[in-house]
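Inside the fold
The primary structure of each chain is shown beneath.
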Amino acid sequence: MDEVDREMLEAQKDARSPSQGAGPARPLHRPSSEVERVLSATSVSTSSSDGGARRVGGMSRVPTSRDLERHPTELSRIQTARSQHDFTIGKSKSRRSRDSKPLPAFGAGKDYPPLLPAQEEYVVEFDGPDDPYHAQNWPLRKKLFTAAILGYTTMTSAFASSLFSPAIPYVAKEFGVSTEVGVLGVSLFVLGFATGPTLWAPLSELKGRRLPIVIAMFGFSVFSIGCATAKDLQTVLITRFFAGFFGACPLAVVAAVFSDMFNNATRGVAITLFSMAVFTGPLLAPFTGGFIVESYLGWRWTMYLASIMGWAAFVLDLFFMTETYPPVILIEKAAEIRRRTKNWGVHAKQEEIEVDFKELLQKNFTRPMRLLFFEPIVTLLSIYMAFIYGLLYLFLTAYPLVFQGVHHFNAGQSGLAFFGMIVGQLLAGVAVLLMQPAYQRKLAANNGVPVPEWRLPIVIAGGVAFTGGIFWFGWSGYKADVHWIVPALSGILSGFGLMSIFLQALNYLVDAYLMFAASAIAGNTFLRSLCGAAFPLFATYMFNGMGIQWASTLLGCVAAVLVPIPVIFWLYGHKIRAKSQYAPTFGAPGVAPSDESTDSAPDGKTNGGDAALASNVPRTAEDKEKA
């Protein structure tokens, strides 16, 4: 059995086991929001102590395997979390080697104290599905305030990625280098976007959402100041990279915060608004930076502005953001109970976790790379999205060539032309939101089981629109005889295509890979960020060498060649997923619940991951009676 088979077996074994040896039974229902909270409770990059595997009477604290509606998709989402946690509960080779060492003395001549009686009784949990500690039960005003703070934080990071672009010729002139070298100030920032999530994503699952965001915005602001005060080019480039590395945190973590706060009914709207902030941010910056560099302030004030915005986000996050990650909320709850009761045995499951660096490497690098290079769906969609994302940053070079070079705008006026793309992105966001009711009806008609291909029609439409926008831009912008508004309006199609492709293609990856969605998106993010960093470097040479119209034709042809990718997945995606090593496939009928506990691992040991997850799920009154 190879590594892929082992991972799939561990991730799906318990989800399938209830159907074995059990007759049909009437399933008990629980709201989908509680199913989702099981997912948010997992830590995908951690290791737990052996003590976490103990049970009282073999019963889980929340028997989700018994009272959840028996759709395999729902079970897979829960079991994903269990298996990911259980991979490292004292089972790794490095962990076993450490445990084989002699146990250290307790100290001061004392014997080891007896184990706590009924250890599971000391594990802090949520008090039912309406527990006000859980982020999904916060007042709407608090949710919206937190979402506004994080939306501003994300906008700041995305805004700073392209705020440097109008300063490129001024930086190149001051330090005596070519414009292409100056473009590295943008490329290295985006390269930081590619590498940053490898730290921030697992950290957010170990220590919660708030700490990484606060640290990252502090680092982002410091390095932005460093760039603004740089005395040489190498300092500019190094500080830009690290500003991007720290600025990647909101892009990697804020969507997870929204997942913590909003249930399935409202999460789609929240994530859509978040994505609009991510993709409109880079397009709002060029005109702001353009007017700054044209004024007496000079190029350094573009970075001072980024730093000021970063410090404002840091203060808001530090003083007004509340932790949303359920396991860490329970850690805070346990700490308060310990302090006030003096019962030092009280703890949260998350506190049993130990870091396993081998697993961190596997789940945050090796597995995403395997998915990226060996899964056709991930590979082809990532190539498509990487090309689109690369063009987003290539336009930062192409637009000035048209509106400054051909129509003789200044840098600020040239940046205003990006408002065509912004309008297109807003239209795409509205279109996706308007499609939500129809999607929910399909979901309900299919007994709550999502079909990934439902996401693809607007991706196909977006691909056609994006291709048309590129041709429109090139052939209307290469000569001054055509009014400047014509190439500016092409951005409506380009922006619509960009947003619709990204938003629903990412949702398709999540629906298709379920338990490995995080790894699929990580591989996708890595490739598209590399393209976002590389494309601006050759943009000037290509447009000057081939001419604006023919360079755009080349890019448009590539975009047209890529349009069939979502069409193929729309028609044959279910067959491709059936042959995949990672994409789970499930039958539509529900699985009958089993009277047998699913807490036992295949080796006969109790499954510690179940308790770790169950302790983070709000308990119903029925659960308490059973316990």
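Before going into details, it helps to say that this report is about the structure given with it. (Residues numbered from 1 in each chain as written. Predicted model: local features only at pLDDT ≥ 70, side-chain atom pairs only at ≥ 80, totals over all residues. Heavy atoms only, no water.)

Brief notes about the environment of Gly345
- Looking at the secondary structure, you find Gly345 in the loop between helix H15 (326–341) and strand E2 (353–354).
- For Gly345, a relative accessible area of 14% translates into the label buried.
- A sequence separation of 226 residues divides Gly345 from Gln119, and the C-alpha atoms of the two residues are 8.4 Å apart.
- Beyond its immediate stretch of four places on either side in the chain, Gly345 contacts Leu116 and Tyr122. (Helix = DSSP H or I, 4+ residues; strand = E, 2+ residues; numbered from the N terminus. Buried < 20%, exposed > 50% of the residue type's maximum accessible area, 1.4 Å probe, protein only. Contact = heavy atoms within 4.5 Å.)

Quick notes on the nonpolar core
- Core analysis: the largest hydrophobic core is formed by 119 residues, its most contacted members being Phe164, Ile213, Leu391, Leu394, Phe395, Phe466 and Tyr513.
- In contact with Phe466, not counting residues within four places along its chain, are Ile388, Leu391, Phe395, Leu493, Ser494, Gly497, Leu498, Ile501 and Ala559.
- Counting residues in hydrophobic clusters, the runner-up holds eight residues, among them Phe126, Leu330, Ala334 and Val346. (Core = buried A, V, L, I, M, F, W, Y, C linked by side-chain atoms within 4.5 Å.)

Quick look at the environment of Glu121
- Along the chain, Glu121 falls in the loop between helix H5 (93–99) and helix H6 (140–163).
- Overall, Glu121 belongs to the partly exposed group, its relative accessible area being 47%.
- Note: C-alpha distance between Glu121 and His347 (226 residues apart in sequence) is 9.8 Å.

What to know about a nonpolar patch on the surface
- A surface patch of nonpolar side chains, about 400 Å² in accessible area, is lined by Trp472, Trp484, Ile485, Leu489 and Leu493.
- At three residues, the largest contribution of residues to the nonpolar patch is made by helix H21 (residues 485–513).
- Residue position: Trp484 is located in the loop between helix H20 (456–477) and H21.
- Taking relative accessible area as the criterion, Trp484 reaches 36% and is therefore assigned partly exposed. (Patch = residues over 30% accessible without salt bridge, like charges linked within 9 Å, V, L, I, M, F, W, Y side chains within 5 Å. Areas by Shrake-Rupley, 256 points an atom, 1.4 Å probe, with all protein chains shown as cover. Salt bridge = Lys/Arg side-chain N within 4 Å of Asp/Glu carboxyl O.)

A closer look at helix H10 (residues 197–207)
- Along H10, the residues that are buried comprise Trp200, Pro202, Ser204, Glu205 and Leu206.
- Among the residues trailing H10, Gly208 stands out with phi positive, at a value near 95°.

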